[in-house]
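What the coordinates show
So you can see what is in the structure, the chains are spelled out below.
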Amino acid sequence: MICDAAGAATDDGEDSAWSGDQDLQAPGGHDGSAEFARPRGGPPGVTSLRGLKSFRVNGVTYHRAGISISRLVLTTRADRDLGVVLDYHVALVSARQQILADSSDASFEGAFCARLAAVLEEHGFSARGMGLKFNVTLRHGWINRAISTPAVTDLAAVLETWRRMRDILWSETARPKAHNQYIYYARGPEAVRAEWRRVRDIYVASWRSAGRTEDEIETWLGAQEQAAWSLTEKRLERWNQSRLQREEHLQRALARGERRREAREAQRLAHEDRLARHAAGRERAALRLE
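Because the structure is predicted, anything quoted here is derived from the model rather than measured. (Residues numbered from 1 in each chain as written. Predicted model: local features only at pLDDT ≥ 70, side-chain atom pairs only at ≥ 80, totals over all residues. Heavy atoms only, no water.)

1. Describing the pairing of strand 4 (residues 133-140)
Across the eight residues that make up strand 4, a large majority, seven, are buried. Judged from the four bridges that link them, strand 3 (residues 72-75) and strand 4 form a sheet pairing that is antiparallel. Directly across from T75, in strand 4, lies its bridge partner K133. Two strands pair when backbone bridges link them, and strand 4 and strand 5 (residues 145-148) are joined in this way by four bridges, in the antiparallel orientation. Considered in strand 5, the bridge of T137 is made with S148. Hairpin connection from strand 4 to strand 5: four residues lie between these consecutive antiparallel strands, with N144 at a positive phi of about 55°. (Buried < 20%, exposed > 50% of the residue type's maximum accessible area, 1.4 Å probe, protein only. Helix = DSSP H or I, 4+ residues; strand = E, 2+ residues; numbered from the N terminus. Pairing = 2+ DSSP bridges.)

As structure tokens, then:
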């Protein structure tokens, strides 16, 4: 069973770097539909097909297939034969279609493990033979960029990380939380900051289990937070201005409501006064008739 496979070796070679642009093994939007980057143009032999990535090592072109399923990324081993990698990609796309179809009636994790193994077997492949590695990608508004956990062969560990991230950031049924310029409108700054701290702890633990030192990870994350701080300040300022405007609007609405209540009360008193005068007039008229 794929989900029972052991091992937590990180990806090696061209895509193994933890920091910098290569940290984004599958950058994607807030909806989680991440895909591999599609370079425009490039040297001969380098493909630009969606879901495929090409790179050169010592003048030799290698290809690698990858897909993302609900923010869980699968990547294959690199191969110089584009035909082999295209076959890998066909199998992965078929697996994604069946996993997403099955997960509507069952848990995502159960559908992922069951359907991935079955589809690969149908195509004559295995996770080990394809060199499959797994990681989780996410984007959080506090640092305003996408990040990913290390690519490893231990699917059970990656699914555990995915589950913990899902409980914080995503839901299988609810709409994903906003992580763009509206992040503080949906949730206050304190809630967003607390959410990021929880995500940060899981992210650090995933890289630490892959052999990175905590100081190295903290230094890199600190740099990302610092780089995003100017934008974070602008968003906080806009949120604060918006909150002040809402409070001012509420105060004006309350004042208008109070004026309307006073006007209605004045109308009621005037009406009662008119009724009293009319009643007094009728009494005087009755006395004159007597």
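So much for the structure itself; the text now carries on.
2. Details of unusual backbone geometry
Of all residues except glycine, most have a negative phi; of all peptide bonds, most are trans. Residue N58 is not a glycine yet carries a positive backbone phi of 55°. Along the chain, N58 falls in the loop between strand 1 (52-57) and strand 2 (60-69). Its identity as a non-glycine residue notwithstanding, R71 has a phi of 75°, on the positive side. Counting through the fold element by element, R71 comes out in the loop between strand 2 and strand 3.

3. Structural notes on the confidence of the model for the protein
Scored by pLDDT, the protein has a mean of 78; 77% of the residues are at 70 or more. No element of the protein has a lower mean pLDDT than helix 5 (residues 183-186), which averages 68, and none a higher one than strand 3, which averages 94. (pLDDT = per-residue confidence, 0-100.)

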